[in-house]
Amino acid sequence: MTAYILRRLFRMLTVLIGVTIVVFGFVRLIPGDPAVVMLGERANPQVVEAFRERLGLNKPIFINVQNPMDTQFFRFAGQLSKGDLGAGIKSQIPVSDELKARFPATVELSIGALIFALVIGLPAGIIAALNRNKPLDNVAMTVSLIGVSMPVFWLGLILVYLFAVTLPWLPPSGRMDPSINFDSITGMNVLDSLLRGRMDGFLSGIQHLILPSIALGTIPMAIIARITRSSMLEVLSQDYVRTATAKGLNHRTVVLKHALRNAMLPVVTVIGLQVGLLLGGAILTETIFSWPGIGSWLAQGIFERDYPVIQGGIIFGALVISVVNLLVDVSYAYLDPRIHYS
């Protein structure tokens, strides 16, 4: 297992280097000059050029025949090797500080969305499999088809209109009521309010979390429901499940103990892949709900052509997704003892 993890870590490093090169190059293919975006289209050309020189944007991107090390990429790679992702062009705040401040908000939203997806998706898939081709199966699969077909931004706007404007049950934006204040511990408001014993903060945090979690978690919920149904149908037809039923075991025991655990392997794989989808979907969800996480910050960076913000956000996202996929692969050995890593 240790050798396997070390090999995966080496591959992860290779992937991250590749992502860094691709992101660095493609960011500079986006139309628009950061200096012009920051100073305005009517800015003095000499001032714009001085600004570009200060940022190093006047240097070659990858290749400089006269001085190979004097390029934008090698300058960035040198900073990155020291753990320095640079500073935002507009804010001048270090990207690592922004990530540290905003990542807990994105994690909180992603956890809320994943809980919603699992609580609804797993039972829906199991019920659909146990009632194959019956009305419950048709209802569950129809709802999941609608869920997977619905764009995040459209669903978010509909939820805000229905449950924050028409029926003012839930707040339309933000993370917590501004009147509630307490010292943060982890940066996740719901968890911090529990640790501080602030039930008012906990309730306010949950209320603010519901709508964005539903918007972000609907597509993963639908995918998990469909994969769970498919996997359960395959396992329920296996001989050992029929043998367990023939031996007179309780139906719930057969389903939960013998069928569900063996059906979870592909479901866990899908859950791990959905983490990437949650981080990607967070860009739209955080923008719609004014959620101060990495997604809204990254979207703002794209609009402003803020190269350090875009590069830092994407590289950090790639690192998180790589780590989650490694954890999912390691969990296979626990779910299925037949799997051995060497």
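Predicted model only: the values in this text are computed from it and were never measured.

Scoring rules and cut-offs
The numbering scheme is per chain: residues are counted from 1 as the chain's sequence reads. Side-chain atom pairs in this predicted model are given and counted only at pLDDT of 80 or more, local residue features only at pLDDT of at least 70, and totals for whole chains, interfaces and linings cover all residues. Based on all heavy atoms of the structure, the side-chain values leave hydrogens and waters out of the count. The definition of a nonpolar core used throughout is a set of buried Ala, Val, Leu, Ile, Met, Phe, Trp, Tyr and Cys residues joined through side-chain atoms within 4.5 Å. The buried label applies to any residue whose accessible area, calculated with a 1.4 Å probe on protein chains only, is under 20% of its type's maximum; exposed applies above 50%, and partly exposed to all values in between. Think of it this way: any DSSP run of H or I at least four residues long counts as a helix, any run of E at least two long counts as a strand, and we number them from the N terminus. Ring pairs shown here join Phe, Tyr and Trp side chains whose ring centres sit within 6.5 Å, with only the six-membered ring taken for Trp; geometry is labelled stacked below 30 degrees between planes, edge-to-face above 60, and tilted in between. Every angle, taken between N-to-C directions, lies between 0 and 180 degrees, and every axis is a line fitted to C-alpha atoms, over only the stretch in contact when it is a helix. Handedness of each helix crossing follows the sense of rotation of the near helix against the far helix: counterclockwise by less than a right angle gives left-handed, clockwise gives right-handed. Here, residues are in contact when the closest pair of their heavy atoms is within 4.5 Å. Note that Gly is not counted as nonpolar here; it falls among the polar residues with everything else outside the nonpolar set of Ala, Val, Leu, Ile, Met, Phe, Trp, Tyr, Cys and Pro and the charged set of Asp, Glu, Lys and Arg.

Chemist: Explain the nonpolar core residue by residue, including any values.
Modeler: Ranked by internal contacts, the top residues of the largest apolar core, which has 23 residues, are Ile224, Met232, Met264 and Val267. When residues of this core are traced back to their parent elements, those giving at least two are helix H5 (95-130), helix H9 (199-236), helix H10 (239-246), helix H11 (251-288) and helix H13 (307-335). Ranked by residue count, the leading element in this core is H11, at ten residues.

Chemist: Talk me through the packing of aromatic side chains; I want residue IDs and the actual numbers.
Modeler: Applying the stated criterion across every chain, the model contains seven aromatic pairs. Between phenylalanine 24 and phenylalanine 62, the ring centres sit 5.8 Å apart and the planes meet at 65 degrees, which makes this aromatic pair edge-to-face. Highlighted residues: phenylalanine 24 in helix H1 (residues 2-27) and phenylalanine 62 in the loop between helix H3 (45-55) and helix H4 (72-81), separated in sequence by 38 residues. Here the aromatic rings of phenylalanine 73 and phenylalanine 74 are separated by 5.9 Å at their centres, their planes lie at 70 degrees, and the arrangement is edge-to-face. Residue class for phenylalanine 74 comes out partly exposed when judged on its relative accessible area of 35%. Grouped by ring-pair contacts, the aromatic residues Phe24, Phe62, Phe73, Phe74 and Phe76 constitute a single cluster.

Chemist: Let's hear about the packing of H5 against helix H6 (residues 135-149): which residues, and what values?
Modeler: Across the interface, H5 lies against H6 with an axial gap of 8 Å and an inter-helix angle of 145 degrees. Judged by the twist between their axes, the crossing of H5 over H6 is left-handed. For the pair H5 and H6, the contacting residues are Ala124, Ile127 and Ala128 in the first and Leu136, Asp137, Ala140 and Met141 in the second. Of the residues in the contact of H5 with H6, the class split is six nonpolar, no polar and one charged.

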